[in-house]
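If you want the building blocks of each chain, they are given just below.
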Amino acid sequence: MDDPGLELKYAGGLPLQAETGAQGCVIEGYASLFGIADQGGDVIAAGAYAGSLARIAARGDRVRMLWQHDPAHPIGVWEEIREDSRGLWVRGRLLPEVARAREAAALVAAGAIDGLSIGYRTLRAERDGKGRRVLTEVDLWEVSLVTFPMLREAKLGRKCEAADGWAEIARALEEAARNLAGR
């Protein structure tokens, strides 16, 4: 993200959930929680995403799923993103056709990756009585799988069973590549 106005916000809340799906590893969890100060002292207000989600839907677009905020590494698709009373809930799938997504699924399954993080631009913010920045409207760009979430509560809920199958496929492909290289 080379945009100087773009901010990245790691988040937590309910654990990141993962499960096997016919189309890849399905993950879900809260990318952001309302009313909880993150390690940077920022608080997201309820409703902060509503305008952005409406604009994205009106354009027929979607929020990107990235690996560690790297725009060169999309790893899946967010199929559902919504605000509820707790925060910004996301559900999507890692794409098995993408090598980095297979790696991500294996890392999620092993418990090495358990965080979600948002990439956004602040449109409106105010200071609360404790001097914290309260984000009241943001322009959401992406939600990433990350190693270190800003809110420490972000933990893996259950392992991605599909990752075990992907690991086997990855090993088979690596072995085939070695065999081809040895010819």
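Residues numbered from 1 in each chain as written. Predicted model: local features only at pLDDT ≥ 70, side-chain atom pairs only at ≥ 80, totals over all residues. Heavy atoms only, no water.

Caption draft 1: Quick peek at the overall build of the protein. Looking only at helices and strands, one finds three helices and nine strands in the protein. Counting helices and strands in the order they occur from the N terminus, the protein gives β-β-β-β-α-β-β-β-α-β-β-α. By residue count, 43% of the 183 residues in the protein fall in the buried class. Residue pairs at least 24 apart in sequence account for 69% of intrachain contacts in the protein once pairs closer than 6 positions are excluded. With the model as given, the accessible surface of the protein reaches about 9200 Å², and the carbon-plus-sulfur share is 51%. (Helix = DSSP H or I, 4+ residues; strand = E, 2+ residues; numbered from the N terminus. Buried < 20%, exposed > 50% of the residue type's maximum accessible area, 1.4 Å probe, protein only. Contact = heavy atoms within 4.5 Å. Areas by Shrake-Rupley, 256 points an atom, 1.4 Å probe, with all protein chains shown as cover.)

Caption draft 2: Fine view of the nonpolar core. Y49, L94, V143 and L145 are the most contacted members of the largest nonpolar core, which has 30 residues in total. The set of elements that each furnish at least two residues to this core consists of β3 (24-33), α1 (50-59), β5 (64-67), β6 (70-83), β7 (87-94), α2 (99-110), β8 (115-127) and β9 (133-146). Here the element with the most residues in this core is β9; it accounts for five residues. (Core = buried A, V, L, I, M, F, W, Y, C linked by side-chain atoms within 4.5 Å.)

Caption draft 3: Structural context of the pattern of salt bridges. Tallied over the entire structure, the rule returns nine salt bridges. The closest approach of N and O atoms between R91 and E28, which form a salt bridge, is 2.0 Å. Pair noted here: R91 is in strand β7 and E28 is in strand β3, with a separation of 63 residues, a long-range link. The buried category is assigned to E28, whose relative accessible area is 18%. When the shortest N-O distance is used, the salt bridge between R82 and E80 registers 2.7 Å. Residue class for R82 comes out partly exposed when judged on its relative accessible area of 33%. Linked through salt bridges whose partners overlap, the residues forming this network are R55, R124 and E137. (Salt bridge = Lys/Arg side-chain N within 4 Å of Asp/Glu carboxyl O.)

Caption draft 4: Up close: the environment of I75. Structurally, I75 can be placed in strand β6. On the basis of relative accessible area, I75 is assigned to the buried category, the value being 0%. As for I75 and R102, which are separated by 27 residues in sequence, their C-alpha atoms are 8.5 Å apart. Residues contacting I75, with those up to four places away along its chain left out, are M65, L66, W67, R93, L94, L95, V98, R100, A101, A104 and L145.

Caption draft 5: Layout of the confidence of the model for the protein. In this model, the protein carries an average pLDDT of 80, and 69% of its residues clear a pLDDT of 70 or more. Across the protein, the element-wise mean pLDDT spans from 46 in strand β2 (residues 17-21) up to 98 in α1. Taken as a whole, residues 10-22 scores under 50 in pLDDT and shows 63 contacts with residues more than four places along the chain or in a different chain. With pLDDT under 50 throughout, residues 154-159 is counted as low confidence; its partners more than four residues away or in other chains account for 23 contacts. (pLDDT = per-residue confidence, 0-100.)

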